[in-house]
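Okay, here's what each chain looks like letter by letter:
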Amino acid sequence: MDTILNIRDLSKSYGHIKAVDKLNLKVEKGDIFGILGPNGSGKTTTLGMILSILKADSGSFEWFGGQFGTNPRKKIGAILETPNFYPYKTGIENLKIVAKIKGINNFDFDSVMRLVNLEQRKTSKFRTYSLGMKQRLAIAATMIGNPEVVIFDEPTNGLDPKGIAEVRTILKRVSESGRSVIMASHILDEVEKICSHVAIIKNGKLLSTGLVGELLSDDYLVEINAFDDEKLKSFMKNSPYINTIKKSNKYWTCTVDKNIPAEIISKEAFNNGLILSHFVIRKQSLEEEFLTITKT
Amino acid sequence: MKITKLINLEILKYKDNSLVQMLLLFFSLLMPTAIFVMKNMQIPMLPGANSYFSFPQVWEYQAYSGSWLSFFFLGYLGVYLITSEIQYKTMRQNIISGMSRADFFKGKVYIAVLISLYATLLFFISTAVIGLLHQDAYDLAEIFEKQAYVIPRFFLLTFAYMIFGMMIAYLIKKPGLSMFFYFSYILFIEPLFRWWLHIKLFGQSKWIFYYPMNAIEDLAPLPLYKYAENFSPKKDFFVLLSYTEAASISTVFVIIFIAISYYFFNKRDI
């Protein structure tokens, strides 16, 4: 496996606030790597440091095993926070500036504009673009020069549902193109759908990392409700098979060990005189796992 | 990145920018015409207005009027070339896209050189034409008589204002505050420092003239000051630095401005 990014004990503080705290992370070639964390957890600061626009206080990082020296960024396409372009220049002119910086000649700008559905607006000035168009132009810019890695920081931030759907479709296409992808987000659904690996950070610290599938708990979820709420509550508290209980609007949600067949719960409830009005078995989603991890 | 690539990149960035276009346009229009305002200044016992346009004086008067234009339009352009990149966050994006900080910095210095060369060329052509139009006979040798170094002095003056403007922008970052500090320092802060604080702390001496903006201004001073020196009854009275002193001190300060700018640009987060 080729390691494309190796982060070792990376730290940065803003005054007394520790934004990133001894972060260790490895991204292998071909990974679609999600960096998950609530707002203020240090995702953007981490990306800023590995892209050399923010100075780390301590620790180190290395791209592509050091084979491209201290400036490997011509092999990387990245958006950090907001799309940053010259407002008085057109979409395609802004892409030409990026290509010039990367030393790319004769690039097919029309193809990337088509990829992000901006071909018809390529000669419009950047300041006339909607937020969704700006974000899509930023994605187009990341593809210039066919980079080995693309980095997206909160790519659907501030977009309306249509914009979110468009960007996610493009992200999926990018992730399926064989490139390595690093995506920072607080939207678990998109990380869950797009990423193969995930790292969860909070307050600058790495809480958990691994395959998206591995990070899911072994417990599965049971949604349960009965006509007698008090009796149901007592039953769940006393049941040896049920691990945790949570009340939501319409039903209770409890976690059950993966080795216990769910029908035992139903049978036990019946034996305790409970008539169930709602009983659904499902796997715990990454969101629930994320909330569990970040609460600890 | 190569020098030509960096310059081409800067031109690509700014060729559609309306503020940059206006600043260069106004400079270009006023450079050959501002001297005509001075023609109307009738000061008793001093050379008549028409002498402004003859060689060799036309170089000095044109350099003086040009120095105000360089300070006002091109020095401020130096501020804008940095603050606009910070404001639009394109400085950040340039680095993310693969440019090294050193190349980004060099690109800005090179474009300042190019603009200063353009300003100097305009100064030379407009002054030569104005002077020749006011000559009875055309003698090309007269164009450069006694004023061979006014052209590099004008280049140094313009470049120094631009580099000073860029340094202010790198340090302060905010567009409005940078502009305010650029103009305030040159027009008020340094004169106050020199003529009040310096004298209060160190007394009056020639060191009062070794401040950066004073040195830059003395590269193209108002020629009337030279007359004041000639007619002064005071022994060792001086108002101006010599051209050699002004050029040396200005060059040292340009190097200092570049060093300070690069240090802070390299050290800080973008």
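Each value, and the rule that gives it
- Residues numbered from 1 in each chain as written.
- Chains lettered and ligands numbered in written order.
- Predicted model: local features only at pLDDT ≥ 70, side-chain atom pairs only at ≥ 80, totals over all residues.
- Helix = DSSP H or I, 4+ residues; strand = E, 2+ residues; numbered from the N terminus.
- Contact = placed C-beta atoms within 7 Å.
- Pairing = 2+ DSSP bridges.
- Axes fitted to C-alpha atoms, helices over the stretch in contact; angles between N-to-C directions.
- Buried ≥ 20, exposed ≤ 12 C-beta atoms within 10 Å, placed from the backbone.
- Arc of directions from axis to C-beta.
- Nonpolar A, V, L, I, M, F, W, Y, C, P; charged D, E, K, R; others polar.
- Parallel < 35°, antiparallel > 145°, perpendicular 65-115°, else oblique.
- Core = buried A, V, L, I, M, F, W, Y, C linked by C-beta atoms within 7 Å.

1. Things to note about the overall build of chain B
1) Next: When you go through chain B residue by residue, the secondary structure sums to twelve helices and zero strands.
2) Next: From first element to last, N terminus to C terminus, chain B shows the α and β order α-α-α-α-α-α-α-α-α-α-α-α.
3) Next: Partitioning the contacts of chain B with sequence separation of at least 6, the portion at a separation of at least 24 is 82%.

2. Regarding the sheet that holds strand β9 (residues 205-211) of chain A
Residue and element names in this part refer to chain A.
1) Next: An order of β5-β6-β7-β3-β8-β9 is seen for the six strands of this open sheet, with the pairing classed as mixed. Two strands close off the open sheet at either side, each with one partner strand: β5 (76-79) and β9. Taken over all neighbouring pairs, the strand axes of this sheet differ in orientation by 10° on average, direction set aside.
2) Next: Sheet analysis places strand β3 (residues 32-36) next to strand β7 (residues 180-185), joined by five bridges and oriented parallel. Its bridge partner lying in β7, Ile 35 is registered against Ala 184.
3) Next: Together, β5 and β6 (149-153) form the strand contacts of helix α4 (residues 131-142), whose direction differs from that of β5 by roughly 165°.

3. Let's talk about the environment of B:Phe72
Residues and elements named next belong to chain B.
1) Next: One can find Phe 72 in helix α4 (residues 57-87).
2) Next: Using a count of 17 C-beta atoms within 10 Å as the deciding quantity, one classes Phe 72 as partly exposed.
3) Next: Separated by 20 residues in the primary sequence, Phe 72 and Arg 92 have C-alpha atoms spaced 28 Å apart.

4. As for helix α8 (residues 229-238) of chain A
Residue and element names in this part refer to chain A.
1) Next: Taken as a whole, α8 has its buried residues at Leu 232, Phe 235 and Met 236. All buried residues of α8 lie within an arc of 95° about the axis, which places them on one face of the element. The exposed set on the far side of α8, more than 90 degrees from its buried face, consists of Glu 230, Lys 237 and Asn 238.

5. Topic: the environment of A:Asn94
Residues and elements named next belong to chain A.
1) Next: Mapped onto the secondary structure, Asn 94 falls in helix α2 (residues 91-102).
2) Next: Residue Asn 94 is classed as buried on the basis of its 25 C-beta neighbours within 10 Å.
3) Next: In this structure, the C-alpha to C-alpha distance between Asn 94 and Pro 240, residues 146 residues apart in sequence, is 63 Å.
4) Next: Excluding residues within four positions of it along the chain, Asn 94 makes contact with Phe 85, Tyr 86, Lys 89, Phe 126 and Leu 137.

6. Quick notes on the interface of chain A and chain B
1) Next: The interface is formed by 22 residues belonging to chain A together with 20 residues belonging to chain B.
2) Next: It is α2(A) that contributes the most residues to the side of chain A that touches chain B, five residues altogether.
3) Next: Split into classes, the residues belonging to the side of chain A that touches chain B amount to twelve nonpolar, four polar and six charged.

7. Notes on the packing of α2(A) against helix α1 (residues 3-14) of chain B
1) Next: Interaxial distance between α2(A) and α1(B) falls to 10 Å at its minimum, and their mutual angle equals 170°. Our classification of the angle between α2(A) and α1(B) gives roughly antiparallel. Contact residues: α2(A) offers A:Ile97, A:Lys100 and A:Ile101, while α1(B) offers B:Leu9, B:Leu12 and B:Lys13.
2) Next: Looking at the contact of α2(A) with α1(B) residue by residue, the class counts come to four nonpolar, no polar and two charged.

8. Things to note about the nonpolar core
1) Next: The biggest cluster of nonpolar side chains holds 130 residues, and the ones touching the most others in it are A:Leu137, A:Ala140, B:Ala160, B:Met162, B:Ile163 and B:Met166.
2) Next: When residues of this core are assigned to their parent elements, the largest contribution, 16 residues, is made by helix α8 (residues 150-172) of chain B.
3) Next: B:Met162 has contacts with B:Leu74, B:Gly75, B:Leu77, B:Gly78, B:Ala112, B:Ile115 and B:Ser116, leaving out every residue within four places of it along the chain.

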